Amino acid sequence: MGHAVGCGDPRERLEKPTPPDMSDLVAVYQSPSGRFEPATAEAMLADFERLAAELEKTGLDTAVLAPLGAALDETLSAAQTPSETDGARPRPDLDADGTLSLRRICAGWGAEPRPDQANGALSLRVNFSEAGLDPVIWGDASSCKYLVGGASRLLLASGSGRVGDVRLWIGRSATFANFMTQVIVMDVDLTVEIDGVRAALRADFQWDPARRSPSFAVESTGGKVIVSRGSTGALRVSAKNGTFDCELATLRCTADTGDSSSF
Amino acid sequence: MHRGHRRLVLVLAAAVALAAVSSTAPARAYHDDGEQLTDGTAYTLHARDLRLGPFKVQYGVFDALTVGTYVAPWVIRMPNLHVKWRYLHQGPWTAAVQVGSYRLDVSELKLLNDHPGDAVITAGTFEPSLSVRSSEDFTLSVSLPYTVVRAEGSLDTEAFEGALSAAVDNFQATLALEYRISRTTALLLRSRYLVFQLARADGRVVLRPDDYTTIDVSAAATSSALDFKGAWSAVAGVAFSFDSFNLELGAGYGNWNVAPFNFVLPGKMVIPELELYWVF
């Protein structure tokens, strides 16, 4: 038994590993501090396009984290309790604690994915209690090889020594049942090799599993705003002074109040 | 049967046979001075007394030390032994402590033949008790039984492997009144109150949902779902003691306590009580 509970104290709880602190980053995405100004809109939106392109190039979201999340989601769904599926509140007479570590072998560079240890792996750690999943999931990359559009990618630990090269904030209300249905904030500190060229990959973004698209926090007047791509292709800016939908083709932004401006 | 269990059976059987053959103590069971009921009290058997019955077998090693075993668990190959030590016997006051141990290897029951796993159930009891005989006819006894029942098992399949354990901790307070109305008959009132009954489980499971993924889960849980608040029982009865034969009959109401593991059942019901044994 790895975590046997002693006989002396019937209420003794399992000791869970301490997750990294993501509160500052989460605050950035939950309450944008920057203001949207038409004068800086063009630079701001360009920043978003650059970040989105970099992320797409790494394939981190679609080729790595999405299958990893799907594997975890499948396991958690199988483990959900009847009360969760009924939408009932957790049982007040139950105190539970647990920790889960997931290791997924990467797909490799071959024409067909193979579960070969030589392909490297990604690992994640998830804590949970009777109330559901703890808000932070974290993990590391270990020479993870995969393909994006037929081109090779290699994810390596950054060497910064921080706890969790990959960090995910899944919110305070995540349960075994609704995991991967709510917006996730990700923070990565990795080294990525693209077509043989290595570079640091330090990025944070918000991932919407339903839309399968990222949002980025980009610098604006007075702080950061959150920029995402809407279903119509327009960019949506969430700022301290409101929400704005911007069309790059027309160089116009429309506020949620109905006011529009050019940039 | 496990070699250790077989040895224990042989030792007990030998002890019983030896006691039966060599006992020179007179047959005694009447409600006389120096003779006390030993169930639910701090009293022990006299040295070399042998108690035989369908529910329990006990032997008085010394006046202050009784060893015994419950019969029913042996039916399911569950070796069990209890020892009661009377450490105080002064004037009207008598104090004792009883400890018991039980072990059941479920795999020996051949129930898991088709399953790649095993399970072992163990139980331990610790029961201090105090009796005061305030007059020739009246005895009051209090005991505080604490019981831990633990089950441990492991599984190893192609899909996953793991080890799990579960336990129920139970703490009770009991009160027993005995009033002797004749040499052969005594009235009994026994009550029981559940202080707590907590269930807990912990385990570790390694899952392999696909060829790429390995998931290692460790978890521990405690539940008060079995902690039936306000659980109690009261049983009134009568104890008949003859030359060597003893019979206790009773009926009561409340939450049933499953002896010898002291597991309290939910819901209140009518509780019948029967105990019969011979003391040689």
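Residues numbered from 1 in each chain as written. Chains lettered and ligands numbered in written order. Predicted model: local features only at pLDDT ≥ 70, side-chain atom pairs only at ≥ 80, totals over all residues. Heavy atoms only, no water.

**Student:** I keep staring at the side chain of B:Asn80 and nothing clicks. Help me out?
**Tutor:** Residue and element names in this part refer to chain B. Tracing the sequence through the fold places Asn-80 in strand E4 (residues 80–90). By relative accessible area, which is 1% here, Asn-80 ends up buried. For Asn-80, the side chain forms a polar contact with the main-chain oxygen of Met-78, separated by 3.4 Å. With residues near it in sequence (within four places) discarded, Asn-80 still touches Gly-68, Thr-69, Tyr-70, Pro-73, Trp-74, Ser-101 and Tyr-102. (Helix = DSSP H or I, 4+ residues; strand = E, 2+ residues; numbered from the N terminus. Buried < 20%, exposed > 50% of the residue type's maximum accessible area, 1.4 Å probe, protein only. Polar contact = N/O pair within 3.5 Å; in protein donor to acceptor, adjacent residues only side chain to side chain. Contact = heavy atoms within 4.5 Å.)

**Student:** I keep staring at empty space enclosed by the protein and nothing clicks. Help me out?
**Tutor:** Space left empty within the atom packing is revealed by a probe, the size of a water molecule, rolled over the atoms. Evaluation of the coordinates by the stated rule reveals six cavities of 30 Å³ or more. In this structure, the largest cavity occupies an estimated 90 Å³ of space. Those elements that place two or more of their residues in the lining of the largest cavity are helix H3 (60–79) and strand E7 (184–194) of chain A. Among the elements that line the lining of the largest cavity, the one with the most residues is H3(A), at six residues. In this structure, the second largest cavity spans a volume of roughly 60 Å³. For the lining of the second largest cavity, the secondary-structure elements that each account for two or more residues are strand E7 (138–143), strand E9 (160–180) and strand E10 (185–207) of chain B. If you tally residues by element for the lining of the second largest cavity, the top one is E9(B), at three residues. When grouped by side-chain class, the residues that make up the lining of the second largest cavity number four nonpolar, three polar and three charged. (1 Å grid on protein atoms, 1.4 Å probe; cavity = no way out; pocket = protein on both sides within 12 Å on 5 of 7 lines; lining within 4 Å. Points joined across faces, edges and corners; volume = space filled by probe spheres on them. Nonpolar A, V, L, I, M, F, W, Y, C, P; charged D, E, K, R; others polar.)

**Student:** Just to check I follow, could you spell out the pairing of strand E3 (residues 65–70) of chain B for this structure?
**Tutor:** A regular strand places its side chains on the two faces of the sheet in alternate fashion. Residue and element names in this part refer to chain B. Pairing of strand E2 (residues 56–62) with E3, which is carried by six bridges, proceeds in the antiparallel orientation. What sits directly across from Lys-56, in E3, is Tyr-70. Between the antiparallel neighbours E2 and E3 lie two residues. With four bridges joining them, E3 and E4 adopt antiparallel strand pairing. Residue Thr-66 lies in a different strand from E4, and its bridge partner there is Lys-84. (Pairing = 2+ DSSP bridges.)

**Student:** Hey, could you run me through the interface of chain B and chain A in this one?
**Tutor:** A common way to express how large an interface is: the accessible area buried when the components associate. Taken together, the 28 residues of chain B in the interface contact 33 residues of chain A. Across the chain B to chain A interface the summed buried area is about 2500 Å²; carbon plus sulfur atoms make up 56%. Contact with chain A buries surface across chain B, with B:Tyr212, B:Ser218 and B:Thr222 losing the most and accounting together for 27% of the total. Put simply, B:Asp210 and A:Arg104 hold a salt bridge, and the shortest N to O gap is 3.3 Å. Of all elements in the fold, only E9, E10 and strand E11 (213–223) of chain B reach the threshold of two or more residues within the side of chain B that touches chain A. If you tally residues by element for the side of chain B that touches chain A, the top one is E11(B), at 11 residues. In the side of chain B that touches chain A, the residues fall into 12 nonpolar, eight polar and eight charged. Sheet analysis places strand E1 (residues 94–105) of chain A next to E11(B), joined by 11 bridges and oriented antiparallel. Note that in E11(B) the partner of A:Arg104 across the bridge is B:Thr213. (Buried area = accessible area lost by both parts, 1.4 Å probe. Salt bridge = Lys/Arg side-chain N within 4 Å of Asp/Glu carboxyl O.)

**Student:** Whenever I open this one, the state of the cysteines confuses me. Can you help?
**Tutor:** Simply put, disulfide is the name for a covalent bond between the sulfur atoms of two cysteines. All names here are of chain A. Enumeration over the complete set of coordinates arrives at two disulfides over all chains. The disulfide partner of Cys-106 is Cys-144, and the gap between their sulfur atoms is 1.9 Å. The sign of the -110° torsion about the S-S bond sets the Cys-106-Cys-144 disulfide as left-handed. Taken together, the positions of Cys-106 in the loop between E1 and strand E2 (121–129) and Cys-144 in strand E4 (residues 144–148) put the pair 38 residues apart, joining distant regions of the chain. A single burial state applies to Cys-106 and to Cys-144, both of which are buried. Paired through a disulfide, Cys-246 and Cys-253 show a sulfur-sulfur distance of 2.0 Å. Measuring the twist about the S-S bond at about 115°, one finds the Cys-246-Cys-253 disulfide to be right-handed. Overall, Cys-253 belongs to the buried group, its relative accessible area being 1%. In chain A, the bonded cysteines, numbered by position in the sequence, are linked as 1-2, 3-4. (Disulfide = S-S within 2.5 Å.)

**Student:** It is not clear to me how a nonpolar patch on the surface should be interpreted in this structure. Could you clarify?
**Tutor:** Residues and elements named next belong to chain B. Taken together, the side chains of Trp-85, Tyr-87, Leu-88, Trp-93 and Leu-130 present a nonpolar region at the surface, about 500 Å² in accessible area. In terms of residues, the nonpolar patch owes the most to one element, E4, which gives three residues. Counting through the fold element by element, Trp-93 comes out in strand E5 (residues 93–105). What makes Trp-93 partly exposed here is its relative accessible area of 43%. (Patch = residues over 30% accessible without salt bridge, like charges linked within 9 Å, V, L, I, M, F, W, Y side chains within 5 Å. Areas by Shrake-Rupley, 256 points an atom, 1.4 Å probe, with all protein chains shown as cover.)

**Student:** Quick question: what am I supposed to make of unusual backbone geometry here?
**Tutor:** Excluding glycine, residues mostly have negative phi values, and the peptide bonds linking residues are mostly trans. Non-glycine residue A:Asp195 carries a positive phi angle of around 50°. Within the secondary structure layout, A:Asp195 lies in the loop between E7 and strand E8 (197–208). In this structure, B:Arg48 is a non-glycine residue whose phi angle is positive, near 70°. One can find B:Arg48 in the loop between helix H1 (3–22) and strand E1 (50–52). The class of B:Arg48 is partly exposed, set by a relative accessible area of 39%.

**Student:** How should I be thinking about the packing of aromatic side chains in this particular structure?
**Tutor:** The geometry of an aromatic ring pair comes down to the distance between the two centres and the angle between the two planes. Tallied over the entire structure, the rule returns 11 aromatic pairs over all chains. Between the aromatic rings of B:Phe245 and B:Trp278, the centroid separation amounts to 5.0 Å while the plane-to-plane angle is 45°, which identifies the pairing as tilted. In this pair, B:Phe245 is assigned in strand E13 (residues 245–258) and B:Trp278 in strand E14 (residues 263–279), connecting sequence segments 33 residues apart. On the basis of relative accessible area, B:Trp278 is assigned to the partly exposed category, the value being 34%. Clustering of aromatic rings is evident, with ring pairs tying together A:Phe48, A:Phe205 and A:Phe216. Across the ring face of A:Trp109, the terminal group of A:Lys145 is positioned such that the distance to the ring centre comes to 5.1 Å. Between the NZ or CZ atom of B:Arg51 and the centre of the ring of B:Tyr277, over which it lies, the distance is 3.7 Å. (Phe/Tyr/Trp six-rings, centres within 6.5 Å; stacked < 30°, edge-to-face > 60°. Lys NZ or Arg CZ within 6 Å of the ring centre and 35° of its normal.)

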